[in-house]
Amino acid sequence: ILRGESFLMPPFYAKGLPLHTSASLNPHAPLGKWLLSTSLLVAGMVHVGGITRLTKSGLSMTDWKPLGSRPPLTEKEWATEFERYKQFPEWEQRKSMGLEEFKYIYYWVWGHRMMGR
C-alpha cells in the first residue's frame, strides 16, 4: 500500500469526486463531467418530450427540416402555419383550438426538436 491509500478506499477516490476536481487531480474528471452532462441532456429531452405528448401536440410542425428552422415570427406566418396544420389528421381531434393554443403546442414541439439537434 502506498502512502495515503487504504484497503477501503482506492487511490482515485481519495482525490475527490470527478465533478469537483480538475483533470490533473483526477484523470476521471472529464469522463465524469461528460457522463453527467449527457445524462442531464437525455433527462431534459425525455421531460420535454413527455410534456409535448401531454399537450397532445401531435404533428403541430407540419414540415421537417433536418438542419433546423425558426418558428413563425409574424402573424401572417403564424396564420399560414395554422392553415397548413388544419390539413393534417391531428386537426380533427382539436377543431376547437385557436391560434394562441396552436402557438403554445407548436413551441413545445419546436423546442423538443431543437433540443434533439
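Bear in mind that the values here come from a model prediction, so they are computed numbers and not experimental data.

*Asks:* Mind showing me how you'd approach the overall build of the protein here?
*Replies:* Helices and strands together make up the secondary structure of the protein, namely five helices and zero strands. Secondary structure elements of the protein occur, N-terminal to C-terminal, as α-α-α-α-α. Within the span of the protein, comprising 117 residues, buried residues form 24% of the whole. Within the protein, counting contacts between residues at least 6 apart in sequence, those at least 24 apart form 57% of the total.

*Asks:* When you look at the pattern of salt bridges in this model, what are you seeing that I'm missing?
*Replies:* When their charged atoms lie close together, side chains carrying opposite charge are able to pair. Across all of its chains, the model carries six salt bridges by this definition. Where Glu-81 meets Arg-84, a salt bridge forms, and the shortest distance between an N and an O atom there is 2.8 Å. With a gap of three residues between them, Glu-81 and Arg-84 both fall in helix H3 (residues 75–85), about one helical turn apart. Note on Arg-84: relative accessible area 35%, which makes it partly exposed. Notably, a salt bridge pairs Lys-103 with Glu-100, separated by 3.5 Å at the nearest N-O pair. Placement of both Lys-103 and Glu-100 in helix H5 (residues 99–116) is noted, with a separation of three residues, approximately one turn of the helix.

*Asks:* Where do I start with the nonpolar core in this structure?
*Replies:* Most often, soluble globular proteins keep nonpolar side chains buried together rather than apart. Judged by nonpolar contacts, Met-61, Trp-78, Phe-82, Tyr-85, Trp-91, Met-97, Phe-102, Ile-105, Tyr-106 and Val-109 together constitute the single largest core of ten residues. Listed by contribution, the elements that provide at least two residues to this core are H3 and H5. For this core, the leading source of residues is H5, giving four residues.

*Asks:* I tried to follow helix H2 (residues 29–54) on my own but got confused; where do I start?
*Replies:* Residues three or four positions apart in an α-helix share a direction because the helix packs 3.6 residues into each turn. With 26 residues, H2 extends 37 Å between its outermost C-alpha atoms, agreeing within 8% with the 38 Å of an ideal straight helix rising 1.5 Å per residue. Along H2, the positions that sit buried rather than exposed are Ala-29, Gly-32, Gly-44, Val-48, Gly-49 and Thr-52. Of the surrounding secondary structure, the elements contacted by the buried residues of H2 are H5. Directly after H2, the chain includes Lys-56, whose backbone phi takes a positive value near 55 degrees.

*Asks:* I would appreciate a short explanation of the packing of H2 against H5 in the present structure.
*Replies:* Helix-helix packing is characterised by the crossing angle of the two axes and by the distance between the axes. Running from amino to carboxyl end, H2 crosses H5 at an angle of 160 degrees, the nearest separation of the two axes being 9 Å. By the criterion of interaxial angle, the relationship of H2 to H5 is roughly antiparallel. Here H2 runs over H5; the crossing is left-handed. Within the contact between the two elements, H2 uses Leu-41, Gly-44, Met-45, Val-48, Gly-49, Ile-51 and Thr-52 and H5 uses Trp-108, Val-109, His-112, Met-115 and Gly-116. Here the residues of the contact of H2 with H5 sort into seven nonpolar, five polar and no charged.

*Asks:* What is the right way to look at the packing of H3 against H5 in this model?
*Replies:* The N-to-C vectors of H3 and H5 enclose an angle of 85 degrees; their axes lie 11 Å apart at closest approach. Between H3 and H5, the angle falls in the class roughly perpendicular. Within the contact between the two elements, H3 uses Glu-75, Trp-78, Glu-81, Phe-82 and Tyr-85 and H5 uses Leu-99, Phe-102, Lys-103, Ile-105, Tyr-106 and Tyr-107. Class assignment for the residues of the contact of H3 with H5 results in eight nonpolar, no polar and three charged.

Thresholds, definitions, all that
Residues numbered from 1 in each chain as written. Predicted model: local features only at pLDDT ≥ 70, side-chain atom pairs only at ≥ 80, totals over all residues. Heavy atoms only, no water. Helix = DSSP H or I, 4+ residues; strand = E, 2+ residues; numbered from the N terminus. Buried < 20%, exposed > 50% of the residue type's maximum accessible area, 1.4 Å probe, protein only. Contact = heavy atoms within 4.5 Å. Salt bridge = Lys/Arg side-chain N within 4 Å of Asp/Glu carboxyl O. Core = buried A, V, L, I, M, F, W, Y, C linked by side-chain atoms within 4.5 Å. Expected span 1.5 Å × (residues − 1). Axes fitted to C-alpha atoms, helices over the stretch in contact; angles between N-to-C directions. Parallel < 35°, antiparallel > 145°, perpendicular 65-115°, else oblique. Left-handed = near helix turned anticlockwise from the far one by under 90°. Nonpolar A, V, L, I, M, F, W, Y, C, P; charged D, E, K, R; others polar.

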